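# Residue-level structural notes
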Amino acid sequence: SLASTIKADVYIVGHTHGKYLYEHIFLEPDEQNQQVIRRKQIIASSGSVLDYGGYAVAKGYPAGAKGVTRIRLDGKRKDVHASI
């Protein structure tokens, strides 16, 4: 997965027809201070803002989750908060 190869605080995926939010905690070595740092990553699906209709109705697809994931980045404390 992308999260296992590229370090980022937030990953947002789309076109999943659903909303989800996952907080992943992992430990990372800090070689300079010879300690272990606890890091948080947020993995979220963006959801949808479109009404159900068109080709989805014609093909009988289930309705996707409407709404978006809210993500707040705090630059002063290097922290992330997210909700759906």
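Before any of the text, the structure's been laid out above.
Residues numbered from 1 in each chain as written. Predicted model: local features only at pLDDT ≥ 70, side-chain atom pairs only at ≥ 80, totals over all residues. Heavy atoms only, no water.

### Observations concerning the pattern of salt bridges
A side chain of one charge can pair with a side chain of the opposite charge when the charged atoms of the two come close. Following the criterion strictly, the structure yields eight salt bridges and no others. The salt bridge involving Asp51 is made with Lys66; its shortest N-O contact spans 2.4 Å. Of the two residues, Asp51 is situated in the loop between strand S4 (47–48) and helix H2 (55–58) and Lys66 in the loop between H2 and strand S5 (67–68); the sequence distance between them amounts to 15 residues. Judged by relative accessible area, which is 61%, Asp51 ranks as exposed. By relative accessible area, which is 49% here, Lys66 ends up partly exposed. Salt-bridge contacts for Asp79 lead to Arg77; the nearest nitrogen and oxygen are separated by 3.5 Å. Classification of Arg77 as exposed rests on a relative accessible area of 56%. (Salt bridge = Lys/Arg side-chain N within 4 Å of Asp/Glu carboxyl O. Helix = DSSP H or I, 4+ residues; strand = E, 2+ residues; numbered from the N terminus. Buried < 20%, exposed > 50% of the residue type's maximum accessible area, 1.4 Å probe, protein only.)

### Considerations on the environment of Glu23
Counting through the fold element by element, Glu23 comes out in strand S2 (residues 21–30). Spatially, the C-alpha atom of Glu23 lies 13 Å from that of Ala8, the residues being 15 residues apart in sequence. Ignoring any residue separated from it by four or fewer positions in sequence, one finds Glu23 in contact with Lys40, Gln41 and Ile42. (Contact = heavy atoms within 4.5 Å.)

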